Amino acid sequence: MTVMDVRKDPQNLTMTLDAEFDAPADRVWELWSDPRQLERWWGPPTYPATVTSHDLREGGRVEYHMTGPKGDQPAGYWEITDAEPPHRLSFRDGFRDADGRPNTDMPVNEVNVTIAEVGDGRTRMSIESVFPDTAAMEQLLAMGMQEGLTQAVGQIDAILAGQAARA
Amino acid sequence: MQIAPPDFDRMFGALADATRRDIVRRAIDGEEGVAELAEHYPMSFAAVQKHVAILERAGLVSKERIGRRKVVRTNLEGLRVARRLLDQYEELWRGRLGRMAELVAADRKEPPR
């Protein structure tokens, strides 16, 4: 995989990641359409995912939970808003309560996936993540975008690196 | 230095304002007091003082006495916590993409399904 580009757009509250795979589009689509494959990449190694329901059609749902090192099982769902195999997938990604219902207190993230072959048997996948309109997430992104803080963070990194070098 | 438990809402609320982000940046050196900081902005001393107070409550800056002066200094640890949270989302997806790539690469080593 050639990683990849990360773009953050504060105006539209989006983050876009691009990645290229040495495989045809159908193969890349399988990463999403095959629940067993999805389980192998969705959750981090410490929180493997179990997909319990998987209907990747417009209006369909995907339900999953993850299992943490202490047995905790955070659960989530996707609400599919658009699916055009093997090129497009859009869904709303949210959390579920202990009783399995969508947790409305937690932010819902909109994810748009586009998959396109770019020649030489390679496929480019672009994942656009649209942040919810909740104040916290908006602020989260706006903060990272602002040059002022980016500079501050750069300075912090420099200071910390300098301290580490001295230590 | 520890800030525990970090109050993310308060932290991001504090950082959601351009003036306050600028104060955080300027206060890294910890050389200026509120009055000196106020000179950088087209607003009253009281307004800047208010911004500093919000940052202080969020654990992002603290006031320090140096001799007879009181300077505002950025709490680097607080800022690092905020930054980590900001980067988490990107890291999450980078991790996912890495695992996807491994799955696709594994095709070549295994017989086709």
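A. Molecular detail of the overall build of chain A. Scanning chain A from N- to C-terminus turns up four helices and eight strands. For chain A, with 167 residues in total, the buried portion stands at 22%. Counting contacts in chain A only where the partners sit at least 6 residues apart, residues at least 24 apart contribute 35% of the total.

B. Broad picture of the overall build of chain B. Summing up its helical and strand segments, chain B has five helices and two strands in all. N-terminal to C-terminal, the α/β element order of chain B is α-α-α-α-β-β-α. Here chain B holds 113 residues, and 27% of them are scored as buried.

C. Region of interest: the environment of Val 24 of chain B. All names here are of chain B. With respect to the helices and strands, Val 24 occurs in helix 2 (residues 18–26). What makes Val 24 buried here is the crowd of 27 C-beta atoms within 10 Å. Through-space distance from the C-alpha of Val 24 to that of Thr 74 is 5.8 Å; in sequence the pair is 50 residues apart.

D. Fine view of the nonpolar core. If you look at the biggest cluster of nonpolar residues, it comprises 26 residues, and the most contacted ones within it are Phe 21, Val 28, Trp 32 and Met 125 of chain A. Elements with a contribution of two residues or more to this core: strand 2 (14–21), helix 1 (25–33), strand 4 (61–66), strand 5 (75–84), strand 6 (88–96) and strand 7 (109–119) of chain A together with helix 5 (76–106) of chain B. Those residues in contact with Met 125 of chain A that sit more than four places away from it in its chain are Ala 19, Phe 21, Val 28, Val 113 and Ile 115 of chain A.

E. Broad picture of helix 1 of chain A. Along helix 1 of chain A, the residues that are buried comprise Val 28, Trp 29, Leu 31 and Trp 32 of chain A. Buried positions in helix 1 of chain A, seen along its axis, are confined to an arc of 140 degrees and lie on one side of it.

F. Spatial organisation of the environment of Phe 95 of chain A. By the secondary structure assignment, Phe 95 of chain A is in strand 6. On a C-alpha basis, the gap between Phe 95 of chain A and Pro 74 of chain A in space is 7.8 Å, while along the polypeptide they are 21 residues apart.

G. The confidence of the model for chain B, seen in detail. Residue and element names in this part refer to chain B. Of the residues in chain B, 78% reach a pLDDT of 70 or more, and the chain-wide mean stands at 81. Contacts of residues 1–5 to residues separated by more than four positions or lying in other chains number six contacts, the stretch itself having pLDDT below 50. Predicted complex metrics record ipTM = 0.72 and pTM = 0.61.

H. Expanded view of the pairing of strand 1 (residues 61–66) of chain B. Residues and elements named next belong to chain B. Pairing analysis gives six bridges linking strand 1 to strand 2 (residues 69–74), with the strands arranged antiparallel. Following the sheet pairing, Ser 62 is matched in strand 2 by Arg 73. Two successive antiparallel strands, strand 1 and strand 2, enclose a turn made up of two residues, where Gly 67 displays a positive phi of approximately 65 degrees.

I. Fine view of the pairing of strand 6 of chain A. Residue and element names in this part refer to chain A. For strand 5 and strand 6, the ladder comprises nine bridges, and the chain directions are antiparallel. The partner of Trp 78 across the bridge, within strand 6, is Asp 93. Counting the residues that bridge the hairpin from strand 5 to strand 6 gives three residues. As judged from the six bridges shared by strand 6 and strand 7, these two strands associate in the antiparallel manner. Bridging from a neighbouring strand, Asp 93 pairs with Asn 109 of strand 7.

J. Structural view of unusual backbone geometry. Residues and elements named next belong to chain A. Pro 86 follows Pro 85 through a cis peptide bond whose omega is -5 degrees. Structurally, the position occupied by Pro 86 is in the loop between strand 5 and strand 6. One non-glycine residue, Asp 120, adopts positive backbone phi at about 60 degrees.

K. Structural view of the packing of helix 2 of chain B against helix 4 (residues 45–57) of chain B. All names here are of chain B. Remark: helix 2 packs on helix 4, axes separated minimally by 10 Å, with the N-to-C direction vectors making an angle of 70 degrees. Classified by the angle between their axes, helix 2 and helix 4 sit roughly perpendicular to one another. In contact with Thr 19, Arg 20, Ile 23 and Val 24 of helix 2, helix 4 contributes His 51, Val 52, Ile 54 and Leu 55.

Rules of the game
Residues numbered from 1 in each chain as written. Chains lettered and ligands numbered in written order. Predicted model: local features only at pLDDT ≥ 70, side-chain atom pairs only at ≥ 80, totals over all residues. Helix = DSSP H or I, 4+ residues; strand = E, 2+ residues; numbered from the N terminus. Buried ≥ 20, exposed ≤ 12 C-beta atoms within 10 Å, placed from the backbone. Contact = placed C-beta atoms within 7 Å. Core = buried A, V, L, I, M, F, W, Y, C linked by C-beta atoms within 7 Å. Arc of directions from axis to C-beta. pLDDT = per-residue confidence, 0-100. Pairing = 2+ DSSP bridges. Axes fitted to C-alpha atoms, helices over the stretch in contact; angles between N-to-C directions. Parallel < 35°, antiparallel > 145°, perpendicular 65-115°, else oblique.

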